[in-house]
Amino acid sequence: MEGAVSEISRLPGIGRKTALRLALHLLREDVATSVSLGEAIINMRKGIRYCKVCHNISETETCPICADGRRDKSTVCVVENVKDVLIFENTGSYRGLYHVLGGVISPIDGIGPDKLQIDSLVERVASGNINEVILALGATMEGDTTDYYIYKRLERYDIKVTQLARGVSVGNEIEYTDEITLGRSLLNRTLFSDTIIK
Ligand SMILES: [Zn+2]
């Protein structure tokens, strides 16, 4: 019992008291309840894979978004992580595909472009079916650096590179932006080349 309580209490937002209450609840239920909960968690964790196209979390080789024939496959929105995909999906105002970088360039943290899914983004663009790449990284210094790096890598391809409109104040990370603001900054996106000081 002690082991279960201490494991449960490690989950975010759950203190020891709640963990104890959950454990006691499970003890009152059939054994089958605990077994199916345990199995569901193990299967979720072990079964998780990443989409081979966009690197979003997926239970299948290609995620449901990439596999959805009704989505606009010519537009790709570049985001920092899997959580950002959910945030954009919640706005309900985006019908294109995604590309999950897995982070942003941050020399201080030892994260160079090679540690991110940038080469695979360039390959997607090089394959020729993409018309627009939307840079949707947070308006932080690392986000800006990454935007610029990607822009330079994509410059030679005949596509539009855009960026979210910065209603999002500088320093804000995508996840702290509300859905309406985010939806609007997506609609009002600007050409990345216009944002560069020449
Ligand atoms: Zn995908």
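Residues numbered from 1 in each chain as written. Predicted model: local features only at pLDDT ≥ 70, side-chain atom pairs only at ≥ 80, totals over all residues. Heavy atoms only, no water.

Caption draft 1: The arrangement of the pairing of strand 4 (residues 96-100) in detail. Within strand 4, five of the five residues are buried, which leaves the element mostly enclosed by the surrounding structure. With five bridges connecting them, strand 3 (residues 72-79) and strand 4 associate as parallel partners. Counted as the bridge partner of Cys77 is Tyr98 from strand 4. Between the parallel pair strand 3 and strand 4, the chain is carried across by helix 5 (residues 82-91), and the sense of this crossover is right-handed. (Buried < 20%, exposed > 50% of the residue type's maximum accessible area, 1.4 Å probe, protein only. Helix = DSSP H or I, 4+ residues; strand = E, 2+ residues; numbered from the N terminus. Pairing = 2+ DSSP bridges. Right-handed = clockwise from strand over helix to strand, strands pointing away.)

Caption draft 2: Structural detail: helix 8 (residues 179-187). Along helix 8, the positions that sit buried rather than exposed are Leu182, Gly183, Ser185 and Leu186. Viewed end-on, helix 8 has its buried residues packed into an arc of 165 degrees, placing them on one side of the element. Exposed and oriented more than 90 degrees from the buried face of helix 8 are Ile180 and Leu187. Next to the buried residues of helix 8 lie helix 5 and strand 5 (132-135). (Arc of directions from axis to C-beta. Contact = heavy atoms within 4.5 Å.)

Caption draft 3: Inspection of the nonpolar core at higher detail. Among the nonpolar cores identified, the biggest contains 39 residues, and Phe88 and Leu154 are the most heavily contacted of them. Looking at this core, the elements with two or more residues in it are helix 4 (64-67), strand 3, helix 5, strand 4, helix 6 (119-126), strand 5, helix 7 (141-154) and helix 8. (Core = buried A, V, L, I, M, F, W, Y, C linked by side-chain atoms within 4.5 Å.)

Caption draft 4: Looking closely at the packing of aromatic side chains. Summed over the entire model, instances satisfying the criterion amount to four aromatic pairs. Consider the rings of Phe88 and Tyr98, whose centres lie 6.5 Å apart with planes at 55 degrees: the pair is tilted. Of this pair, Phe88 sits in helix 5 while Tyr98 sits in strand 4, placing them ten residues apart in sequence. One exposure class covers both Phe88 and Tyr98, and it is buried. One aromatic cluster is present, formed by Phe88, Tyr94 and Tyr98 through successive ring pairs. (Phe/Tyr/Trp six-rings, centres within 6.5 Å; stacked < 30°, edge-to-face > 60°.)

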